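# Per-entry structural report
Okay, here's what each chain looks like letter by letter:
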Amino acid sequence: MIRIGITGHRNLTPDVSGAVADLVKTHLEPYGCEMVGLSCLADGADVVFAEAVVATGAPLEAIVPATGYREALPDEHHPVYDRLLGQAVLVHALPHGESDPRAHMAAGRLLVERCDQLVAVWDGEPARGPGGTADVVAYAQRIGRPVSVLWPEGARR
């Protein structure tokens with residue numbers, strides 16, 4: 001069973017989100033339910049990936065960067081986060097209190113270390129803040145974890 005983790009951009013437009021969902025579904029299709037998906041369940045790429053994993057019937061593991069993580073997510077995302085967190089077969093809760101870049105990078109490192117392959121929904125640009133997608137991709141590459149970059153051609157954040 002392969003363990004696949006996700007890192008990616010948040011605040012995707014509806015068009016980009018739909019295109020990303022298609023790319024993620026196509027990427028995961030060969031694995032069927034013979035995979036475990038790992039996600040922090042943030043709005044954007046994390047949820048698109050988690051929804052695709054759950055749709056295949058594969059197990060989902062959640063990584064919670066901090067005790068204040070849920071509250072730091074957009075209010076409208078809370079029901080989706082709660083539903084997916086409830087569907088997770090395993091939850092890795094990090095000991096950070098504040099949902100800040102340090103906690104997010106720690107969650108990204110744990111996710112990379114626990115997966116066999118990282119999917120990065122990434123436009124190839126530098127991170128907008130510490131612990132962003134580019135930083136998680138760089139960490140995965142540094143430790144030799146395979147990274148599959150998915151980004152719709154011509155899309156902008």
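This report concerns the structure included in the present document. These numbers were taken from a predicted model, which means no experiment stands behind them. (Residues numbered from 1 in each chain as written. Predicted model: local features only at pLDDT ≥ 70, side-chain atom pairs only at ≥ 80, totals over all residues. Heavy atoms only, no water.)

Along strand 1 (residues 2-8), six of the seven residues are buried, which leaves the element largely enclosed by surrounding structure. Bridge count for strand 1 against strand 2 (residues 35-39) is four bridges, and the pairing is parallel. Among the inter-strand pairings, Arg3 is bridged to a residue of strand 2, identified as Val36. Note that the unit made of strand 1, helix 1 (residues 14-28) and strand 2 has a crossover that is right-handed. (Buried < 20%, exposed > 50% of the residue type's maximum accessible area, 1.4 Å probe, protein only. Helix = DSSP H or I, 4+ residues; strand = E, 2+ residues; numbered from the N terminus. Pairing = 2+ DSSP bridges. Right-handed = clockwise from strand over helix to strand, strands pointing away.)

As a further point, take the layout of surface pockets. Looking at the largest pocket, its volume works out to about 620 Å³. In this structure, the largest pocket is lined by 31 residues; those nearest its centre are Gly8, Arg10, Gly131, Gly132 and Thr133. Listing elements by their share of the lining of the largest pocket, those giving two or more residues are strand 1, helix 3 (69-72), helix 5 (101-114) and helix 6 (133-142). Of the residues assigned to the lining of the largest pocket, the class counts are 15 nonpolar, eleven polar and five charged. (1 Å grid on protein atoms, 1.4 Å probe; cavity = no way out; pocket = protein on both sides within 12 Å on 5 of 7 lines; lining within 4 Å. Points joined across faces, edges and corners; volume = space filled by probe spheres on them. Nonpolar A, V, L, I, M, F, W, Y, C, P; charged D, E, K, R; others polar.)

Here we come to helix 2 (residues 45-56). With twelve residues, helix 2 ought to run about 16 Å at 1.5 Å a step, and its terminal C-alpha atoms sit 17 Å apart, in line with that. For helix 2, the complete set of buried residues consists of Ala45, Asp46, Val47, Val48, Phe49, Ala50, Ala52 and Val53. Taken together, the buried residues of helix 2 touch strand 1, helix 1, strand 2, strand 3 (60-66), helix 4 (78-87) and strand 5 (117-121). Looking at the residues trailing helix 2, positive phi occurs at Gly57, about 90°. (Expected span 1.5 Å × (residues − 1). Contact = heavy atoms within 4.5 Å.)

None of this, on its own, says anything about what the molecule does.
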